[in-house]
Amino acid sequence: MKLLQSVCRSLVTCFATSFLGLAVLAFPAALCAQQTWHATAGSQSKDMARQALAFLPNEMWIHAGDSITWTVPTGEPHTVTFLVANQVRPDFQTGCPGFSPSGVSFDGSTCVSTPPLAQGQNFTINFPAVGNYKVSCLFHPDMAGVIHVLTPGERLPYTQKFYDGEAAKQASLLLSVRGDDEHEGKGHHDLDLDDMFPANSNATREVVTGMGIISATGGGSDSTSVMRFMDPVIRIHAGQTVEWTNFDPSTPHTVTFGTEPQNPIPPSSNVTVDEDGALHAIINSPADSVHSGFIAPAPQERTGLPQAPISPTRFRITFTHAGVYPYICVLHDNLGMVGKVIVQP
Ligand SMILES: [Cu+2]
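Residues numbered from 1 in each chain as written. Predicted model: local features only at pLDDT ≥ 70, side-chain atom pairs only at ≥ 80, totals over all residues.

Okay, the overall build of the protein next. Scanning the protein from N- to C-terminus turns up 4 helices and 21 strands. Counting every position in the protein, which comprises 345 residues, the buried fraction comes to 34%. (Helix = DSSP H or I, 4+ residues; strand = E, 2+ residues; numbered from the N terminus. Buried ≥ 20, exposed ≤ 12 C-beta atoms within 10 Å, placed from the backbone.)

Laid out in structure tokens, this is it:
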């Protein structure tokens, strides 16, 4: 195969540079129809806090018959999914429904999806038919791209080397996005508690819970999520309330004390809803279990569809007793998204 690929590459050079092209015109096109391209799904910072939720690159031009192998290099999982026209977007557990084996072909007529891919896994899809195909990730709604499949013999605009460079550039751009300087878990959590929030204060302490951005190229949407509680250690007095607010436009998080629930989506039964729509629970002891469920932004609006309802982006807990209360985001604790509330008398 390597030999064929290099023949294909040199064919292009030949056409461009010499009359020898006439001689190789007779070379059967099918021989050149088997190139395998490489791309990645996702990229991350060293501490895994920043996740680029993007196909890198998110736009490629290939020939019918070529394949693409996607590799996932991140602690955050992804799928590589090709839905068919007008298909309702399924969740990552449902898939097409179902998932395909690596090496599957996608020609636009039948949905193809990888199962959730963990760090280090890869997956190859073959593209036998000319067309422009949207690629998406069933975990991340603002992660999309396009594969342009051209007729064999058409000149391709870019090489693998170009795509490698483009992917690296795009990843570094996405991962350099600033959330907030003081944030990301090494910030101002040692504010003078009693100056700002004296024991008799009713003020609610806010913990920014993730932040992110959505961006785009000509191929589709990319997003970056900072998977952190921005003030991971917070000190309050008994009787005070902490409020966690999701600042990410795309990614849900949870605030979970005690036992992890089977289903992470709904809140635990001891969570109530305040009049302003925020979720609220009371914790009396470090042995209590409380789970926020997904605190998530409402999806982006699309003309012609019913507007999305307001979704809970705030979760409050009132702590009645002194103690140390560790907690996690059940979706992203593997990336280091954990925190602690220290309640003083
Ligand atoms: Cu999270």
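Next up on the list: the sheet that holds strand β12 (residues 220–229). Strands belonging to one sheet form pairs held by backbone hydrogen bonds; the direction of such a pair is parallel or antiparallel. Reading across from one edge, β6-β8-β4-β1-β2-β12-β11-β14-β19-β17-β16 is the order of the 11 strands in this open sheet, with mixed pairing throughout. Both outer strands of the open sheet, β6 (104–105) and β16 (272–273), are each paired with one neighbouring strand and no more. In terms of strand pairing, β6 meets strand β8 (residues 122–126) through 2 bridges, oriented parallel. Looking at the pairing, Ser 105 lines up with Asn 126 of β8. (Pairing = 2+ DSSP bridges.)

This part takes up the nonpolar core. Among the nonpolar cores identified, the biggest contains 31 residues, and Ala 39, Ala 41, Ala 54, Phe 55, Ile 68 and Ile 125 are the most heavily contacted of them. Of all the secondary structure elements, the ones that give two or more residues to this core are β1 (36–44), β2 (50–56), β4 (67–71), β8, β10 (144–150) and α3 (160–175). If one sorts the elements of this core by residue count, β2 sits on top with 5 residues. Sequence-distant contacts of Ala 39, defined by excluding residues within four places in its chain, comprise Phe 55, Leu 56, Pro 57, Met 60, Ile 68, Trp 70, Tyr 163 and Ala 167. Counting residues in hydrophobic clusters, the runner-up holds 28 residues, among them Phe 229, Val 255, Phe 257 and Cys 329. (Core = buried A, V, L, I, M, F, W, Y, C linked by C-beta atoms within 7 Å. Contact = placed C-beta atoms within 7 Å.)

With that out of the way, let us pick up unusual backbone geometry. A cis amide bond, omega 0°, links Leu 56 with the succeeding residue Pro 57. Along the chain, Cys 96 connects to Pro 97 via a cis peptide bond; the corresponding omega equals 20°. Examined against the element boundaries, Pro 97 turns out to sit in the loop between β5 (81–82) and β6. Phi at Met 48 takes a positive value of approximately 70°, unusual for a residue other than glycine. As for its placement among the helices and strands, Met 48 is situated in the loop between β1 and β2.

Among the structural elements, Thr 69 can be located in strand β4. Between the C-alpha atoms of Thr 69 and His 38, which are 31 residues apart in sequence, the distance is 4.9 Å. Apart from the residues lying within four places of it in its own chain, the contact partners of Thr 69 are Thr 36, His 38, Asn 122 and Thr 124.

Looking now at α3. It helps to recall that an α-helix has 3.6 residues per turn; residues three or four apart then point in one direction. With 16 residues, α3 extends 22 Å from end C-alpha to end C-alpha; this agrees with the ideal 22 Å at 1.5 Å per step. By the burial criterion, the buried members of α3 are Ala 167, Gln 170, Ala 171 and Leu 174. Projected down its long axis, α3 carries its buried residues within an arc of 100°, all on one side. Of the exposed residues in α3, the ones pointing more than 90 degrees away from its buried face are Lys 161, Lys 169 and Ser 172. Its buried side turned inward, α3 meets β1, β2 and β12. (Expected span 1.5 Å × (residues − 1). Arc of directions from axis to C-beta.)

Residues Val 242, Trp 244 and Asn 246 line the buried face of strand β14 (residues 241–247), whereas the alternating positions Thr 241, Glu 243, Thr 245 and Phe 247 sit on a face that is not buried. Examined bridge by bridge, strand β11 (residues 205–217) and β14 share 5 bridges and lie parallel to one another. Among the inter-strand pairings, Arg 205 is bridged to a residue of β14, identified as Val 242.

The values are spatial; any link to function lies outside them.
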